[in-house]
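Breakdown of the fold
So you can see what is in the structure, the chains are spelled out below.
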Amino acid sequence: MMAAGCGARQPQRPSARPAVAPRPASVAMQLERLGALHASRLSFARSLIRRMMKDRWQICCLRFDLDDHGYGTCVYRIRTPESTYSFVVFSQYLEDERRSDRVIADAWDCACALVEGELDDRRLHELQAQVPRQEAGRFGPDVLVLSRANRSMRNFQAVVDALAEGRQPQPRQLTEVGYLYRTTAVYGNGKFGIADYPKLRDRQDLGAPFAAQLFAVYLLRDFSIRQVEHIARRRAHETAVRLACPLRRYLGIGNSTGLGMAPFLITHPLLIAQWVLMRETAIARCLAQPATAACRQRLLELIDRAIQHSRETRVADDAQGKRNRLLAAELGAARAWLADANGDAGHWQDRCRLAEQRWSLETEEMLHTLILELYPEQVDELEMFMGIAEGIDLVPHMEAAELRRLIESSYAWALAIDFGRPQAEYFFWYKSAKKEEPRLGVRGEETGADRELPLDIGRRVQHCHETLVDFLTTCQDRASVAEFLLLHPEQRGIVRRVQNMAGTVMGEIRANLLHRDMLPMHLLRCKLSFFGATKFDPRSSRWVRITLFQGAPLVEDIDTPFADDWALPPAPDPQPSP
Amino acid sequence: MRVSCNELSTLCARAAQGGGCADGVGDELAEIATWLACCDPATLGAIHDGLVHASSRAGPSPATYDYDPDSTILDAAGDSALQCGSMAADLLCSRAYRDGHATLVVRRCHQRVLMVGHAMRIAARGFHALVDWRYDSAPPKQRQALAVSSGHGVAELWTAEGPARENPTGADGLTVTLCAARGEPGLARIMDRWSGFSETQTIDGPTLLARRDEAWNIGIELPDDLWRKMRELSAAMLVEESEESRRRGAGEQAP
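Below you will find a few notes about this structure. Just so it is clear, the model here is predicted, and its values are computed rather than measured.

The subject of this paragraph is the pattern of salt bridges. If you walk through the whole model with that rule in mind, you get 85 salt bridges over all chains. Residue Arg248 of chain A is joined to Glu229 of chain A by a salt bridge in which the shortest nitrogen-to-oxygen separation is 3.8 Å. You can see Arg248 of chain A sitting in helix α10 (residues 245-250) and its partner Glu229 of chain A sitting in helix α9 (residues 211-235), a full 19 residues away along the chain. The exposure classification of Arg248 of chain A matches that of Glu229 of chain A, with both residues buried. Through salt bridges with shared partners, one network takes in Asp393, Arg492 and Arg496 of chain A together with Asp27, Glu28, Asp90, Arg121 and Arg125 of chain B.

As a further point, take the sheet that holds strand β1 (residues 58-66) of chain A. Residues and elements named next belong to chain A. The nine strands are arranged β1-β2-β3-β4-β5-β6-β7-β11-β10 in an open sheet whose pairing can be described as mixed. Every interior strand has two partners, whereas the edge strands, β1 and β10 (534-538), have only one. Across the sheet, the mean angle from the axis of one strand to that of its neighbour is 25 degrees, orientation sign disregarded. With three bridges connecting them, β10 and strand β11 (residues 544-548) associate as antiparallel partners. What sits directly across from Asp537, in β11, is Arg545.

Residues and elements named next belong to chain B. Its location among the elements puts Ile47 in helix α3 (residues 44-55). Note on Ile47: relative accessible area 0%, which makes it buried. For the pair formed by Ile47 and Cys12, sequence separation is 35 residues and the distance between their alpha carbons is 8.7 Å. Once residues within four sequence positions are removed from consideration, Ile47 is found in contact with Leu29, Ala33, Leu36, Leu82, Leu114 and Leu226.

Further remarks concern helix α16 (residues 361-374) of chain A. An ideal rise of 1.5 Å per residue puts 20 Å on 14 residues; α16 of chain A measures up with 20 Å between its terminal C-alpha atoms. For α16 of chain A, the tally of buried residues reaches 13 of 14 residues, placing the bulk of the element in the interior.

What follows concerns the interface of chain B and chain A. Each partner contributes residues to the interface: chain B has 51 residues there, and chain A has 55 residues. Of all residues in chain B, Asp23, Trp216 and Val239 of chain B bury the most surface against chain A, accounting for 15% of the area lost on that side. Connecting chain B to chain A are twelve salt bridges. Here Arg121 of chain B makes a salt bridge to Asp393 of chain A, at a shortest N to O gap of 3.1 Å. At the boundary of chain B with chain A, the tally comes to 27 residue pairs in polar contact (both at pLDDT 80 or more). For the side of chain B that touches chain A, the secondary-structure elements that each account for two or more residues are β1 (2-3), α1 (5-18), α2 (25-39), β2 (64-67), α4 (81-99), α7 (205-218), β11 (238-239) and α9 (243-248) of chain B. At eight residues, the largest contribution of residues to the side of chain B that touches chain A is made by α4 of chain B. Split into classes, the residues belonging to the side of chain B that touches chain A amount to 24 nonpolar, eleven polar and 16 charged. The pairing of strand β8 (residues 427-432) of chain A with β11 of chain B spans two bridges and is classified as parallel. Note that in β11 of chain B the partner of Lys431 of chain A across the bridge is Leu238 of chain B.

Rules behind the numbers
Residues numbered from 1 in each chain as written. Chains lettered and ligands numbered in written order. Predicted model: local features only at pLDDT ≥ 70, side-chain atom pairs only at ≥ 80, totals over all residues. Heavy atoms only, no water. Salt bridge = Lys/Arg side-chain N within 4 Å of Asp/Glu carboxyl O. Helix = DSSP H or I, 4+ residues; strand = E, 2+ residues; numbered from the N terminus. Buried < 20%, exposed > 50% of the residue type's maximum accessible area, 1.4 Å probe, protein only. Pairing = 2+ DSSP bridges. Axes fitted to C-alpha atoms, helices over the stretch in contact; angles between N-to-C directions. Contact = heavy atoms within 4.5 Å. Expected span 1.5 Å × (residues − 1). Buried area = accessible area lost by both parts, 1.4 Å probe. Polar contact = N/O pair within 3.5 Å; in protein donor to acceptor, adjacent residues only side chain to side chain. Nonpolar A, V, L, I, M, F, W, Y, C, P; charged D, E, K, R; others polar.

On their own, these measurements won't tell you what the molecule is for.
Printed below as a string of structure tokens:
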């Protein structure tokens, strides 16, 4: 059963004024704001769970051949209304010193794959030979997702110990780290020979962006719980207990992400612009709703939950810790202000203006995220538009003068960057020969600037503009872009990008990614928030640990009533009943 | 070896970059590689040759163009069609947008068969596109590929062959002619060049779509040497690791 939103419960009053417009790109596409986004109803993890629960996917663990230490093979079968899939996990011993979250690691506690169809022994044997090798392996198009994960050193053994001793782990421990395993890469879309995304794109079950990857992560969460219970049972058959349901639901799955994710946001500009547009559309729709007493009450409950969730988020990074404390404090102020508000409903837009004026970006965006929870009927349908055809083509007959106008109107932010200042070109992006890991170097100090990745959109646009202005002073009237590119073929890539992005509502992420003060973390958080990540725990400015699916329904919850209200879960009661 | 479409595209783009092609050319090469694989997998060999050719040169040559009464002439100055094909297609299209039809002769151009992939791109822009080139055999032959735009979706691709024309342009083996035109009259105009040729293959739109879908579903069979060459070239853009870059570059160091 899907929860009805406030809008569905309350009689709809026609709005006395026009709908609220989405925020402009100059606001929504600022990197700092994108780096303050939170997971929401539109995040892919939420959409996936909605789909799974609505269509009652049948998930069955067919094989669980693990030894006393939890090493071995596990196979799941998944039946959706559309297809059958298998998920296979190979768990193996790993020396502590080899355990690394970096892409450059070459061994993991477990490796897994989501595969089309059912597995026979021959295919399972083939997968066993390749899946643990990850990037070094070679795969066929029946493999949809490839991933690997490492155990949480803080949690895994402690949870096994507690269960073996017949007690439940302390929820406090799970607030420190809300998972047993942390994935370090989740590959889809044709990597290492696996299935291309278009193979899945039109499917109802796994066709949404990143749905297959997130589903693999979700299944790994189930495996992690089964595995600790299994090890505890094998160690102390007489005393071992199962993990209590509230704790199982509270366990998510971790993920460690580094700079590898950052280039995606720049190399898929149409997709990112679409994601932000849908989020902004959802916010605008919800802000246009009347802030009725029932909605205000529901929002108070959600704010309370968010405050607790924020207080229970433990991070290593001081700056993020301060932001989390500020978020909790400002949400407290928002709560007091909302509770004191008079009876006049008004619209959320008027009320949220205060958030913009008074509070941090984290708080402002959290309030937006919470308001989205009030109106599923306004928000959830937008998930259908999170995908987009990404093909872009040059428009060769466009007049060069028109191209100049496009740059000046859509890329004014880029033209305003002062690249004469040394800090403006401080960094360069490159790929390391070691597993092609994306990295950041300091220009003039480190080697590799001659092989810089073209992620410097602002600088390239500015250079293109300068070249174009020169060209226009000497060319014939009405010269075309094709003629411009004949003389300046090096501008081809950026011209095509400008022509296509200028036609989008949101356009580019507005930031100079070379600047000394640029925080790659903002890029990572932006993408991860759309995935549905919570508990952002930056380990440096360049990599972050997050949690996915914390609070989500368990496999055994499928086919039971579902309220779609699992986000921002508070820690369970210290002594939950089994 | 069998690769996914995304692997082919990504590696094409990186290899073109590593091979010294102008920014953006790689992305279009990535696009045409899939079409070439769907139309005639043998043409993928031309990508290999084009990458080798491009990487053996200091960089793209400054192409020049001129007009004669009937056509635009682009001098590729010895570049591969892999390097100059995008530029040629754009110049042709910009003329065709203005006049309804256009002809472009590209001189001193290698791996001319790659222009077939660009013809598919031109057709996606709504023009019928013909590629016409002469090749050495005994006796010399003229070969043509025609991408018939459907106005929406995927074009049809016709290929044909005939005796080499007398007093030909392109007897040097380095010239290729491209024509683009809109609508039925445009197609009729292009077909004038087609007369006297024997069709060798016709792939209609649904068949081409089915082949593309198949490529998405099961991948593409790629010659090993092409895969190896692309990996080799794309590696030119990678930066060797040092202990410092390993530690700092991806943020292992605490903030």
